[in-house]
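Listed here are the chains, written in short residue letters.
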Amino acid sequence: MSTDQRQESTHANRNEQPNIIVILSDDHGAWAMGCAGNHEIRTPNLDRLADQGMRFSSFFCTSPVCSPARASLMTGRIPSQHGVHDWIRDGNVGDSAIQYLQGQMAYTDVLAGEGYVCGLSGKWHLGDSITPQKGFTHWYAHQSGGSNYYEAPMIRDGELVNEPGYLTDVITDDALSFLDRQDRSKPFYLSVHYTAPHSPWIDNHPQDIVDSYDSCKFETCPQEPKHPWSIKTAPWSDDQRENLKGYFAAVTAMDTNIGRIVDKLDSMDIRKDTLIIYMGDNGFNCGHHGIWGKGNGTFPQNMFDTSVKVPAIFSQPGIIPQGEVCDNLVSGYDFMPTLLAYVGCEQPNTIKLPGSSFHSLLLGESAPMREQVVIYDEYGPVRMIRTTDWKYVHRYPYGPHELYHLAEDPDERHNLIDLPGTQDQTVAMRGELEAWFARYVDPMIDGAREGVTGFGQIGLAGVHGKGKKAYFE
């Protein structure tokens with residue numbers, strides 16, 4: 001059967017566009033799932049989703065910190081196209097609220113235009129958390145991006161509130177309420193955006209789940225010597241074992257709530273009509289490479305795979321092959337074109353976007369030929385190019401730079417940048433890196449020229465914003 005015939009058959013079997021639930025976690029390392037080979041952490045419901053769908057083992061965020069990565073998922077643009085270069089520190093609520101993606105098309109805008117009822121339950125963290133935007137008509141959002149898990153600052157019906165319950169439960173409660181209200185004659189789209197497993201980890205999660213990790217050896221995240229670039233705010237002075245228990249407990253508590261959502265779809269008899277996507281916004285290190293954190297767990301920022309790889313599972317029984325692991329290299333900038341292609345929506349040509357659809361993989365077919373199997377990443381002045389076998393990290397303007405031969409050094413232990421015989425590889429990869437970014441970057445908001453520190457963004461980027469003063473030092 002040809003690709004076109006397979007797609008026609010797929011849409012005929014659906015009879016209508018599928019419902020969509022995108023579950024997005026915060027700081028969930030790709031290594032922290034049972035289905036990814038972690039024998040210590042308990043994620044039975046994520047494992048169930050993986051058994052009922054396709055898990056991607058090499059899915060990369062566009063930037064290893066939350067707000068830029070989330071903006072890229074929403075718009076298909078890289079940070080140097082959408083202008084969110086760091087986590088949003090200011091402009092979330094109050095008189096100084098900023099809609100950082102104003103005027104930019106998001107995939108939810110397209111879905112809403114196609115008749116989807118769009119709801120958000122949880123974290124937004126792209127500015128102006130009070131105002132529903134991007135096609136959402138249901139809007140239950142976190143006021144900023146992270147907080148304690150009890151008495152969390154949220155926005156319900158346009159009002160600032162503090163939720164007394166455990167936040168992961170509360171977000172799920174709101175998502176289930178949204179599902180209960182849906183008119184079966186219309187497709188729905190629901191973003192369930194957890195703040196879990198983001199810090200804080202100690203005294204913030206159900207104690208019975210925390211206690212259940214008392215005997216865990218945490219072999220899957222050994223505490224390596226502190227990285228020399230580790231930032232001062234990383235929790236090195238705290239009890240590392242308690243932090244690990246809290247992190248694992250946050251993941252397991254979130255997993256339990258994901259099970260509630262899947263069970264709800266089963267009880268409503270719409271599981272087969274619903275595409276479920278589970279993803280993390282960025283990777284995370286719990287002592288890996290001597291880092292506690294993600295890309296901004298160090299200064300200068302890092303691009304280790306543990307920071308840039310994210311968990312990704314796609315599941316719709318009867319459409320997506322079940323129990324498969326896809327090793328293809330894909331990126332957050334591929335997400336928007338993939339999702340729109342999957343539901344049969346045309347992607348608007350509002351800007352030259354770098355991503356391409358991998359929805360043929362979700363149908364069990366081989367991927368169409370791409371220019372090359374290469375992943376690009378950026379975090380302000382730090383940029384990465386990665387192939388299956390090699391990774392090069394360039395830091396503007398002065399370095400230090402890194403080169404890793406992943407085929408022989410998959411854990412990125414040996415930086416080859418200064419070794420004789422590697423110069424040709426470095427020059428070639430730097431040339432590809434600079435050519436790709438030159439093709440897609442908006443020079444008005446080029447991250448390589450912004451004052452990104454990893455400590456937060458406080459205003460619009462670029463020449464029409466605050467420029468290098470848009471970042472917290």
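The name given to the chain in an unreviewed UniProt entry is Sulfatase-like hydrolase/transferase, with Paenibacillus chondroitinus as the source organism. Per UniProt, the chain carries the Sequence similarities (unreviewed entry) text "Belongs to the sulfatase family."

Trainee: I'd like a rundown of unusual backbone geometry, residues and numbers included.
Mentor: With omega at 5 degrees, the peptide bond leading from Phe299 into Pro300 counts as cis. Note on placement: Pro300 falls in the loop between β11 (292–293) and α9 (305–308). With an omega of 0 degrees, the peptide bond between Gly399 and Pro400 qualifies as cis. Examined against the element boundaries, Pro400 turns out to sit in the loop between β18 (390–395) and β19 (402–405). Positive phi, normally seen in glycine, also occurs at Asp128, with a value near 45 degrees. Topologically, Asp128 is positioned in the loop between β4 (117–122) and β5 (136–142). Even without being glycine, Asp203 reaches a positive phi, approximately 60 degrees.

Trainee: Tell me about helix α10 (residues 335–342), and please be specific about residues and values.
Mentor: Because the α-helix completes a turn every 3.6 residues, residues three or four places apart line up on one side. Within α10, 7 of the 8 residues are buried, which leaves the element mostly enclosed by the surrounding structure. At the exit of α10 stands Gly344, carrying a positive phi of roughly 80 degrees.

Trainee: Kindly report on the sheet that holds strand β7 (residues 159–163), identifying the contributing residues and their values.
Mentor: Across the sheet, which stays open at both edges, the 10 strands sit in the order β7-β6-β5-β4-β8-β1-β9-β13-β2-β14 with mixed pairing between neighbours. Lying at the two open borders of the sheet, with one neighbouring strand each, are β7 and β14 (324–326). Between one strand axis and the next, the sheet turns by 15 degrees as a mean value, whatever way the strands run. Two elements, strand β9 (residues 274–280) and strand β13 (residues 312–315), share 4 bridges in a ladder whose sense is antiparallel. Within β13, the position partnered with Tyr278 by the bridge is Ile313.

Trainee: Outline empty space enclosed by the protein, supporting the account with residue identities and numerical values.
Mentor: Any empty space left between the atoms is revealed when a probe the size of a water molecule rolls over them. In total, this model carries 3 cavities of 30 Å³ or more according to the counting rule given. Its boundaries defined by the atoms lining it, the largest cavity holds a volume of some 70 Å³. Around the largest cavity, the lining residues are Val22, Leu24, Arg70, Leu73, Met74, Tyr107, Tyr189, His193, Met279 and Phe335. Examining the composition of the lining of the largest cavity, we find that 3 residues originate from one element, helix α3 (residues 66–75), more than from any other. Residue composition of the lining of the largest cavity, by class: 8 nonpolar, 1 polar and 1 charged.

Trainee: Tell me about the sheet that holds strand β16 (residues 375–379), and please be specific about residues and values.
Mentor: Ordered by their spatial adjacency, 4 strands build an open sheet running β16-β17-β18-β19, and the pairing between neighbours is antiparallel. Only two strands of the sheet have a single neighbouring strand rather than two, namely β16 and β19. If you compare each strand with its neighbour and ignore which way they point, the axes differ by 10 degrees on average. As judged from the 4 bridges shared by β18 and β19, these two strands associate in the antiparallel manner.

Trainee: Mind laying out the packing of aromatic side chains, listing which residues take part and the relevant values?
Mentor: All chains considered together, the criterion is met by 30 aromatic pairs. A centroid spacing of 6.4 Å and a plane angle of 50 degrees characterise the contact between Phe304 and Tyr404, whose relative ring orientation is tilted. Taken together, the residues span a long stretch of sequence, with Phe304 in the loop between β11 and α9 and Tyr404 in strand β19 at a distance of 100 residues. Residues Phe304 and Tyr404 agree in their burial class; the two are buried. Between Phe314 and Phe335 the ring centres are 6.5 Å apart and the planes differ by 50 degrees, which places this aromatic pair in the tilted class. Taken together, the positions of Phe314 in strand β13 and Phe335 in helix α10 put the pair 21 residues apart, joining distant regions of the chain. The pair Phe314 / Phe335 is uniform in exposure class, with both members buried. Connected via pairs of aromatic rings, a cluster forms that spans Phe56, Phe59, Tyr107, Trp124, Phe136, Trp139, Tyr189, Phe314, Phe335 and Phe358.

Trainee: I'd like a description of the UniProt feature "domain: Sulfatase N-terminal" (unreviewed entry) in the chain, backed by residues and values.
Mentor: In the numbering used here, UniProt assigns the "domain: Sulfatase N-terminal" (unreviewed entry) feature to residues 18–344. Split by type, residues 18–344 is 27% helix and 19% strand. Its first and last C-alpha atoms lie 10 Å apart.

Trainee: Tell me what's going on with the nonpolar core, and back it up with residues and numbers.
Mentor: Membership of the largest hydrophobic core comes to 81 residues, with the highest contact counts inside it found for Phe56, Tyr107, Leu111 and Phe314. Ignoring anything within four residues of it in the chain, the contact list for Phe56 reads Ala312, Phe314, Cys326, Val330, Phe358, Leu361 and Leu362. Among the nonpolar cores identified, the runner-up in size contains 54 residues, and Ile21, Cys221, Ala249 and Trp292 belong to it.

Trainee: Let's hear about the side chain of His85: which residues, and what values?
Mentor: Here His85 is to be found in the loop between α4 (79–82) and α5 (107–113). Polar side-chain contacts of His85 include one of 2.9 Å to the backbone oxygen of Ile445.

Trainee: Please give an account of the side chain of Ser121 that cites residues and values.
Mentor: Structurally, Ser121 can be placed in strand β4. Within the structure, Ser121 has its side chain in polar contact with the side chain of Asp174 (distance 2.6 Å). Discounting residues that sit within four places of it in the chain, Ser121 has contacts with His138, Tyr140, Ile171, Asp174, Ala175, Leu190, Ser191, Val192 and His193.

Trainee: Could you give an account of the state of the cysteines, with specific residues and numbers?
Mentor: Scanning all chains against the criterion turns up 0 disulfides. Not part of a disulfide, Cys216 finds its nearest cysteine sulfur in Cys221, a span of 7.3 Å. Considering cysteine sulfurs only, Cys35 is the nearest to Cys326, which forms no disulfide, with 14 Å between them. Since its relative accessible area comes to 8%, Cys326 is described here as buried.

Trainee: Explain the pairing of β16 residue by residue, including any values.
Mentor: Along β16, 5 of the 5 residues are buried, which leaves the element largely enclosed by surrounding structure. Because side chains alternate across β16, one face comprises the buried residues Ile375, Asp377 and Tyr379, and the other comprises Tyr376 and Glu378, equally buried. Inspection of the sheet shows β16 paired to strand β17 (residues 382–386) by 5 bridges, in the antiparallel sense. Across the sheet, Asp377 pairs through a bridge with Met384, a residue of β17.

Each value, and the rule that gives it
- Residues numbered from 1 in each chain as written.
- Predicted model: local features only at pLDDT ≥ 70, side-chain atom pairs only at ≥ 80, totals over all residues.
- Heavy atoms only, no water.
- UniProt positions renumbered as here; feature names shortened; annotations may be inferred.
- Helix = DSSP H or I, 4+ residues; strand = E, 2+ residues; numbered from the N terminus.
- Buried < 20%, exposed > 50% of the residue type's maximum accessible area, 1.4 Å probe, protein only.
- Pairing = 2+ DSSP bridges.
- Axes fitted to C-alpha atoms, helices over the stretch in contact; angles between N-to-C directions.
- 1 Å grid on protein atoms, 1.4 Å probe; cavity = no way out; pocket = protein on both sides within 12 Å on 5 of 7 lines; lining within 4 Å.
- Points joined across faces, edges and corners; volume = space filled by probe spheres on them.
- Nonpolar A, V, L, I, M, F, W, Y, C, P; charged D, E, K, R; others polar.
- Phe/Tyr/Trp six-rings, centres within 6.5 Å; stacked < 30°, edge-to-face > 60°.
- Core = buried A, V, L, I, M, F, W, Y, C linked by side-chain atoms within 4.5 Å.
- Contact = heavy atoms within 4.5 Å.
- Polar contact = N/O pair within 3.5 Å; in protein donor to acceptor, adjacent residues only side chain to side chain.
- Disulfide = S-S within 2.5 Å.

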